[in-house]
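Now for the letters of each chain:
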Amino acid sequence: MTQEELLQRVRKIEIKTRSLSKNIFAGEYRSQYKGRGISFAEVREYQPGDDVRSIDWNVTARLNRPYVKVFEEERELTVMLLVDVSGSRNFGTLTQSKKDMMAEVAATLAFSTIENNDKVGVIFFSDRIEQFIPPKKGKTHVLRIISQLLNYEPTSMGTDINQALQYMTNAMKRHCTVFLISDCMDPKFTAPATKRGEVLPLMIAAHRHAISLIQIYDQRDAQIPNLGLIKVKDAETGEQLWVDTAVANVREAYAKQWRQNEERLMNLLSRTGTNYTSMQTNEDYVKKLMQLFKQ
């Protein structure tokens, strides 16, 4: 993609998604996400009626008279987008690829963020952390994010969602709102805990941050039609093989594997209380995002 073509695509996405953010999502975003956190503001002397549980015992002991901690509601949010840039995102059989839809969804969320004067950052991940763009405000910052979404070439084709969550948890010390955007084709992510008492990365991340998963997939990820004998290639490993899709058992085995992964994913999300929406590349993502906001 040339620089001119990239700029044209960035401009096209900006026009579409910024309009959506301003006219449709701004109210939902503000009502659902603003003011969720509580942050420490100051200490002051204890007054009759104050909750004794808010007494700061260290300051009280140092000054020899009671002081309480004062907290305030956080009105400014930090939003982090965790975007899957693995090889499987390039797949798409209908109106667009998963990569293009991910870019539009992420751009819509980014513009919704800056419309409310909040900060937005991005982590691009494959089976490693590809790039970390720290949270900032402003249109120029969002346009940089969109440009990277459209034109970023990862150094690896694999997927490791757990690693991305661990990195985000370590990098973002303060509470933030996180949107994880992926096709979720990562067996390690949906696999149940292998050891007793093991805490999964999503559980740790969800304890500190407000996380929503946006799964974007193609209908052919879930089922394969009867196309006869075809040669297929794994977008992440590069492995190629011939598959006879005319055999019903082959098609059913393919669909069964998808269903099993989805069942494991639902179990994981239920255990961690993670908000979730799923959309195909030919679906209207506006309706899906509205549903997510209203959860």
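Residues numbered from 1 in each chain as written. Predicted model: local features only at pLDDT ≥ 70, side-chain atom pairs only at ≥ 80, totals over all residues. Heavy atoms only, no water.

Trainee: Just give me the short version of the overall build of the protein chain, but keep the residues and values in it.
Mentor: Per the secondary structure count, the protein chain includes 10 helices and 10 strands. Relative to its full complement of 295 residues, the protein chain shows a buried share of 47%. A fraction of 75% describes how many contacts in the protein chain between residues 6 or more apart in sequence connect residues 24 or more apart. Per element, the accessible surface of the protein chain, about 15500 Å² overall, is 49% carbon and sulfur. (Helix = DSSP H or I, 4+ residues; strand = E, 2+ residues; numbered from the N terminus. Buried < 20%, exposed > 50% of the residue type's maximum accessible area, 1.4 Å probe, protein only. Contact = heavy atoms within 4.5 Å. Areas by Shrake-Rupley, 256 points an atom, 1.4 Å probe, with all protein chains shown as cover.)

Trainee: Can you break down the packing of helix 3 (residues 98-115) against helix 10 (residues 285-294) residue by residue, with the values?
Mentor: It is at 11 Å that the axes of helix 3 and helix 10 come closest, and there the two elements cross at 45°. When the axis of helix 3 is compared with that of helix 10, the two are oblique. In this structure, helix 3 meets helix 10 at a crossing whose hand is right-handed. Across the interface between the two elements, M101, E104, V105, T108 and L109 from helix 3 touch Y285, L289 and F293 from helix 10. Per-class residue counts for the contact of helix 3 with helix 10 are six nonpolar, one polar and one charged. (Axes fitted to C-alpha atoms, helices over the stretch in contact; angles between N-to-C directions. Parallel < 35°, antiparallel > 145°, perpendicular 65-115°, else oblique. Left-handed = near helix turned anticlockwise from the far one by under 90°. Nonpolar A, V, L, I, M, F, W, Y, C, P; charged D, E, K, R; others polar.)

Trainee: Hey, could you go over the packing of helix 3 against helix 4 (residues 139-151) for me, with residue numbers and the actual values?
Mentor: Contact geometry for helix 3 and helix 4: axes closest at 9 Å, N-to-C directions at 170°. As far as their axial angle goes, helix 4 and helix 3 are roughly antiparallel. Counting all contacts with helix 3, which are made through K99, A103, A106, A107, A110, F111 and I114, the residues of helix 4 involved are K139, V142, L143, I146, L149 and L150. Among the residues forming the contact of helix 3 with helix 4, the class breakdown is 11 nonpolar, no polar and two charged.

Trainee: So what's going on with the packing of aromatic side chains? Residues and values would help.
Mentor: Evaluated as defined, the whole model comprises three aromatic pairs. Between F124 and Y152 the ring centres are 5.3 Å apart and the planes differ by 25°, which places this aromatic pair in the stacked class. Here Y152 lies in the loop between helix 4 and helix 5 (161-171) and F124 lies in strand 4 (residues 119-125), a separation of 28 residues in the sequence. Accessibility assignment for this pair places F124 and Y152 in one class, buried. (Phe/Tyr/Trp six-rings, centres within 6.5 Å; stacked < 30°, edge-to-face > 60°.)

Trainee: Tell me about helix 5, residues and numbers included.
Mentor: Every α-helical turn comprises 3.6 residues, leaving residues that sit three or four positions apart pointing alike. Listing the buried residues of helix 5 in full gives I161, N162, A164, L165, M168 and T169. Down the axis of helix 5, the buried side of the element spans an arc of 160°, and every buried residue falls inside it. Sitting at the amino-terminal end of helix 5 is D160, which places a side-chain oxygen 3.3 Å from the backbone nitrogen of N162. (Arc of directions from axis to C-beta. Polar contact = N/O pair within 3.5 Å; in protein donor to acceptor, adjacent residues only side chain to side chain.)

Trainee: Now, about the sheet that holds strand 6 (residues 177-182): what can you tell me, with residues and values included?
Mentor: Strands sit in the order 5-4-3-6-7-10 across an open sheet of six strands; the sheet is mixed. The sheet terminates laterally at strand 5 (129-136) and strand 10 (275-280), the two strands that pair on one side only. Across this sheet, the average inter-strand angle for adjacent strands is 15°, counted without regard to direction. Both strand 4 and strand 5 contribute to a ladder of five bridges, which runs antiparallel. When the bridges of strand 5 are listed, I123 appears paired with F132. The sheet contacts of helix 4 involve strand 3 (78-84), strand 4 and strand 5, and relative to strand 5 the element is tilted by about 165°. (Pairing = 2+ DSSP bridges.)

Trainee: Outline the nonpolar core, listing residues and values.
Mentor: If you look at the biggest cluster of nonpolar residues, it comprises 37 residues, and the most contacted ones within it are L81, V105, I181 and I214. Of all the secondary structure elements, the ones that give two or more residues to this core are helix 1 (3-33), strand 3, helix 3, strand 4, helix 4, strand 6, strand 7 (210-217) and helix 10. Among the elements that line this core, the one with the most residues is helix 3, at 10 residues. For I214, the contacting residues outside a window of four places in its chain are V105, L109, F179, L180, I181, S182, T277, M279, L289 and L292. Counting 23 residues, the second-largest nonpolar core is a separate cluster that includes L82, A164, M168 and F189. (Core = buried A, V, L, I, M, F, W, Y, C linked by side-chain atoms within 4.5 Å.)

Trainee: Residue-level account of the pattern of salt bridges, with values.
Mentor: Inspection of the entire model under this criterion finds eight salt bridges. Between D127 and R128 there is a salt bridge whose closest N-O contact spans 3.5 Å. The partly exposed category is assigned to D127, whose relative accessible area is 28%. Here K188 makes a salt bridge to D186, at a shortest N to O gap of 3.2 Å. With a relative accessible area of 47%, K188 lands in the partly exposed category. Through salt bridges with shared partners, one network takes in K98, D183 and D221. (Salt bridge = Lys/Arg side-chain N within 4 Å of Asp/Glu carboxyl O.)

All quantities given are derived from atomic positions and should not be read as evidence of function.
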